[in-house]
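Listed below, chain by chain, are the residues.
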Amino acid sequence: MAQENVVSVQIYNQTYQLSSEGQGPEHIQRIAAYLDGKMRSAGAEASSRSPLDLAILAALEIAEEVVAERRRKASMLDEVDERISGVTRRLE
């Protein structure tokens, strides 16, 4: 890991040195802060859980967001396809 590509971030009271290769350091810091927030949110609901448990809960919540966004994207693409088909039929 080249030193100039290393970003130091804090996630749930732990410091990590992450490579920012291909991404700007601000991007790495932003996603680390997002994960930290998700873990803290999970920890607020279950304070006796281990950091690993909180990471799993945060990962599940993030995965749920990803799946919902993919579903939303697919729905929007279907809608656009329908509109394009409608315009094409009118033009023929």
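Residues numbered from 1 in each chain as written. Predicted model: local features only at pLDDT ≥ 70, side-chain atom pairs only at ≥ 80, totals over all residues. Heavy atoms only, no water.

Looking at the pattern of salt bridges
Working step 1: Summed over the entire model, instances satisfying the criterion amount to five salt bridges.
Working step 2: When the shortest N-O distance is used, the salt bridge between Arg40 and Asp36 registers 3.0 Å. A residue pair is termed a helical-turn pair when its members lie 3 or 4 positions apart in one helix, as Arg40 and Asp36 do in helix α1 (residues 25-45) at four residues.
Working step 3: Look at Arg40 and you get partly exposed, because its relative accessible area is 37%.
Working step 4: Salt bridges sharing partners connect three or more residues here, namely Lys38, Glu61 and Glu65. (Salt bridge = Lys/Arg side-chain N within 4 Å of Asp/Glu carboxyl O. Helix = DSSP H or I, 4+ residues; strand = E, 2+ residues; numbered from the N terminus. Buried < 20%, exposed > 50% of the residue type's maximum accessible area, 1.4 Å probe, protein only.)

Things to note about the pairing of strand β2 (residues 14-19)
Working step 1: When strand β1 (residues 6-11) meets β2, the two strands line up antiparallel, connected through six bridges. Looking across to β2, one finds that Ile11 is bridged to Gln14.
Working step 2: In textbook terms, the turn of a hairpin is the stretch between consecutive antiparallel strands, and for β1 and β2 this stretch comprises two residues, one of which, Tyr12, has a positive phi near 50 degrees. (Pairing = 2+ DSSP bridges.)

Considering the environment of Thr88
Working step 1: Summarising the element assignment, Thr88 is placed in helix α2 (residues 51-91).
Working step 2: Between the alpha carbons of Thr88 and Ala63 there is a distance of 37 Å; along the sequence they are 25 residues apart.

Let's talk about α1
Working step 1: Between the first and last C-alpha of α1 there are 31 Å, a value that for 21 residues agrees with the 30 Å anticipated at 1.5 Å per step.
Working step 2: Along α1, the positions that sit buried rather than exposed are Ile28, Ala32, Asp36, Lys38, Met39, Ala42 and Gly43. Down the axis, α1 shows its buried residues gathered within 160 degrees of arc, on one side only. Turned more than 90 degrees away from the buried face of α1 sit Glu26, Arg30, Ala44 and Glu45, all of them exposed.
Working step 3: Where α1 is buried, its residues touch β1, β2 and α2. (Expected span 1.5 Å × (residues − 1). Arc of directions from axis to C-beta. Contact = heavy atoms within 4.5 Å.)

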